[in-house]
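The chain contents come next:
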Amino acid sequence: MRARALALLVPIAIACGSGGWDAQSKVNSVRMFGVRADKPYASAGETVTLETLVADGRRDKVRELKTVWIPVVCVNPREDLYYACFIPSQTADGTPIDGGARLEPPFPVDGGVPSAAPDGGAAGLLASIPRDVDLSAFLPQGNTFTFQMPEDVLKERPGTVPYGLVIIFNIACAGQVRIADRQGNAPQQVPIRCTDENGGELGPNDYVIGINRVYSYADRTNANPVVEKITLDGKDVDLDAGITIDRCVASRRADCFEHKIDVKVTPESWEEYPEPLLATTQREQVWATYYTDLGDFNDAARLLFDTKAGRISDSDIKYRAPNDPGDGTIWIVTHDNRAGAAFTLVPLHVK
């Protein structure tokens, strides 16, 4: 269950700007911190809106950053594998292919029936997209994407309760977005490219591919965590004004003053949930991940609620200001382990 939640909230980074050996919390490239759904568990037929949190930490912004969505819903791929979404469901003559995925448009059309691809499945939908041309202007752009959970999404699963899964792909790209043919020797590669004007592949600091999963159950729902407040050294932060602190004047980073930043979520965010295969009622795990483009954290994440112990009393994270003054941002993503998430942006002013 936790693996599934993390898969939704932290998209698999097929390519991301890690900045070499910089900490995960350091933002100095194109970053996609997470994707949240307004309905973390969506019932069959419900409309779901995904929202992604993207930042551009590049020093030289030669090309504009855009977030582009692939407007295809991949339904229940084999063994929940994202790369099975690119395996055709049948051949051109209609012969089924074992393990092929079913793809649909985001919404039903023609009286509630999804429009058919040329071959009735994944091969036609993907094959109809031109290769090696800039598709940015023709694909949905922005931080949100809306789709409808298929009416027949629920599927029997050996050893667990029935559930449904859809996968949707997006990319944060500081360049042109192109679709490429998959290579036979790299079956796990997502065939989405971020290129320059000449079609040359851009480096890992310039794009991130997101693989976003949304689950469906017959009798389970979930709400996103609700952030009550952010605190700095024990005091509430005005999120409009942000945080204002002095720069570090120490010659060694280890000697810089460590501010304590914490996230407080409502008690109701620590939800119970049914798990028929277990004897006891379960409660969620809730944690926060931190990112900044100015200064540094001593860690990347902190636990807020334990599944058994409840609220963690010492959940604050330590932050050190940079040596030079400047303005930046702290991004905080609050997660639960059932695909819930909340985004908080804190303006940062170092004087």
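Everything discussed here concerns the structure shown above.
From a predicted model like this one, the values you see are computed outputs, not experimental measurements. (Residues numbered from 1 in each chain as written. Predicted model: local features only at pLDDT ≥ 70, side-chain atom pairs only at ≥ 80, totals over all residues. Heavy atoms only, no water.)

(A) How the structure looks around the packing of aromatic side chains. Following the criterion strictly, the structure yields eleven aromatic pairs and no others. Arranged with centres 5.3 Å apart and planes meeting at 45°, the rings of phenylalanine 33 and tryptophan 331 form a pair that is tilted. One end of the pair, phenylalanine 33, is in strand β1 (residues 30-37); the other, tryptophan 331, is in strand β22 (residues 326-336), with 298 residues separating them in the sequence. Of the residues examined, phenylalanine 33 reaches a relative accessible area of 1% and is grouped as buried. Among the aromatic side chains, those forming a connected cluster through ring pairs are Tyr41, Tyr163, Tyr215 and Tyr217. (Phe/Tyr/Trp six-rings, centres within 6.5 Å; stacked < 30°, edge-to-face > 60°. Helix = DSSP H or I, 4+ residues; strand = E, 2+ residues; numbered from the N terminus. Buried < 20%, exposed > 50% of the residue type's maximum accessible area, 1.4 Å probe, protein only.)

(B) Representation of the sheet that holds β22 in the model. Taken in spatial order, the six strands line up as β13-β23-β22-β17-β19-β20 in an open sheet, and their pairing is mixed. Since the sheet does not close on itself, it has two edges, and those belong to β13 (243-245) and β20 (310-311), each with one partner. Pairing between strand β17 (residues 286-292) and β22: seven bridges, direction antiparallel. Looking at the pairing, tyrosine 290 lines up with isoleucine 332 of β22. (Pairing = 2+ DSSP bridges.)

(C) Local environment of the side chain of arginine 193. Structurally, the position occupied by arginine 193 is in strand β9 (residues 192-195). Residue arginine 193 is classed as buried on the basis of its relative accessible area, which comes to 17%. Only 2.8 Å separates the side chain of arginine 193 from the backbone oxygen of glycine 199, close enough to count as a polar contact. A distance of 3.0 Å separates the side chain of arginine 193 from the side chain of glutamate 201, its partner in a polar contact. Among residues more than four places away in sequence, those in contact with arginine 193 are Asp132, Ile171, Gln176, Val177, Arg178, Ala180, Gly199, Gly200 and Glu201. (Polar contact = N/O pair within 3.5 Å; in protein donor to acceptor, adjacent residues only side chain to side chain. Contact = heavy atoms within 4.5 Å.)

(D) Expanded view of the pairing of strand β19 (residues 301-306). Bridge analysis of β17 against β19 gives four bridges, and the strand direction is antiparallel. Looking at the pairing, tryptophan 287 lines up with leucine 303 of β19. Both β19 and β20 contribute to a ladder of two bridges, which runs antiparallel. Following the sheet pairing, phenylalanine 305 is matched in β20 by arginine 311. Linkage of β19 to β20, two consecutive antiparallel strands, is achieved through a turn of three residues.

(E) Representation of the environment of threonine 307 within the structure. Looking at the secondary structure, you find threonine 307 in the loop between β19 and β20. You can call threonine 307 partly exposed: its relative accessible area is 32%. With residues near it in sequence (within four places) discarded, threonine 307 still touches Trp270, Arg283, Glu284 and Gln285.

It is worth stressing that arrangement in space is one thing and function is another; only the former is reported here.
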